[in-house]
Amino acid sequence: KPKPILLLDKIFNPARRPQDKKLNKTLEVIEMTKKEANEYFRLKKGIIAQDKKIWKFCEALWRALLYTAMVGFGSHCTIGQPWFSNPWSDAWVGWPHQTQPYQ
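Predicted model only: the values in this text are computed from it and were never measured. (Residues numbered from 1 in each chain as written. Predicted model: local features only at pLDDT ≥ 70, side-chain atom pairs only at ≥ 80, totals over all residues. Heavy atoms only, no water.)

Caption draft 1: Structural context of the overall build of the protein. On a plain count of helices and strands, the protein comes out with four helices and zero strands. Shown N-terminal to C-terminal, the secondary structure of the protein runs as helices and strands in the order α-α-α-α. Among the 103 residues that make up the protein, the fraction classed as buried is 13%. A fraction of 44% describes how many contacts in the protein between residues 6 or more apart in sequence connect residues 24 or more apart. Total accessible area computed for the protein in this model is approximately 9400 Å², and 63% of it derives from carbon and sulfur atoms. (Helix = DSSP H or I, 4+ residues; strand = E, 2+ residues; numbered from the N terminus. Buried < 20%, exposed > 50% of the residue type's maximum accessible area, 1.4 Å probe, protein only. Contact = heavy atoms within 4.5 Å. Areas by Shrake-Rupley, 256 points an atom, 1.4 Å probe, with all protein chains shown as cover.)

Below, the structure written as C-alpha cells:
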C-alpha cells in the first residue's frame, strides 16, 4: 500500500490519466519522477479495484444471508400447515370456499 501523497491524490482519477501540465507542476513541487508517479497511480488503481471486489463480495454475502433467512422463515411458517405434507389433495379440499386458518 503506497504512502498517501496529498498533491498526487488531488489530481488522481482512476478513469483517466492526469493532464501533463498539472502532473509536471505537481511533480516539480514534490520532487518526484514521472515514473514514480505512474507507479503510485498504478498502485492506487489496484487498491481501488480490490476495494470494489471486497464491496461486491460483502454485498453478495448479505444478499445470500437475507435470502436464506427468508426461505427459512417461510419454511418455518408453512411446515405446520396440513396441506404441506400432501399438497395435491389437502390444498383443494373445500375449493372454492376454503376456510382461512387465521381469521
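Caption draft 2: Seen up close, the pattern of salt bridges. Counted according to the given criterion, the structure contains two salt bridges. The salt bridge involving Glu39 is made with Arg42; its shortest N-O contact spans 2.6 Å. Of this pair, Glu39 and Arg42 both sit in helix H3 (residues 34-79), three residues apart, which is roughly one turn of that helix. Judged by relative accessible area, Glu39 falls into the partly exposed class, the value being 36%. A salt bridge links Glu59 to Arg63, with the shortest nitrogen-to-oxygen separation between them at 3.1 Å. Remark: Arg63 and Glu59 occur in helix H3; sequence separation between them is four residues, near one turn of the helix. Looking at Glu59, the relative accessible area reads 40%, which means it is partly exposed. (Salt bridge = Lys/Arg side-chain N within 4 Å of Asp/Glu carboxyl O.)

Caption draft 3: Summary view of the nonpolar core. In terms of nonpolar packing, the biggest core is built from nine residues, these being Leu8, Ile11, Phe12, Leu23, Leu27, Met32, Ala37, Tyr40 and Phe41. Counting only elements with at least two residues in this core, the list comes to helix H1 (6-11), helix H2 (20-30) and H3. Residue contributions to this core peak at three residues, all from H3. The residues contacting Leu27, other than those within four sequence positions of it, are Leu8, Met32, Thr33, Lys34 and Ala37. (Core = buried A, V, L, I, M, F, W, Y, C linked by side-chain atoms within 4.5 Å.)

Caption draft 4: Looking closely at the packing of H2 against H3. Packing of H2 against H3 brings their axes to within 10 Å, and their N-to-C directions diverge by 110 degrees. With respect to H3, the element H2 is oriented roughly perpendicular. Each of Asp20, Leu23, Asn24 and Leu27 in H2 lies in contact with H3, whose residues at this interface are Lys34, Ala37 and Phe41. Tallied by class, the residues present in the contact of H2 with H3 amount to four nonpolar, one polar and two charged. (Axes fitted to C-alpha atoms, helices over the stretch in contact; angles between N-to-C directions. Parallel < 35°, antiparallel > 145°, perpendicular 65-115°, else oblique. Nonpolar A, V, L, I, M, F, W, Y, C, P; charged D, E, K, R; others polar.)

Caption draft 5: Structural detail: H2. Turning to H2, its buried residues number three or more, namely Leu23, Thr26 and Leu27. Down the axis of H2, the sector holding all buried residues measures 100 degrees, keeping them to one side. Exposed residues lying more than 90 degrees from the buried face of H2 are Lys21, Lys25, Glu28 and Val29. Within two residues after H2, Glu31 carries a phi angle of roughly 55 degrees, on the positive side. (Arc of directions from axis to C-beta.)

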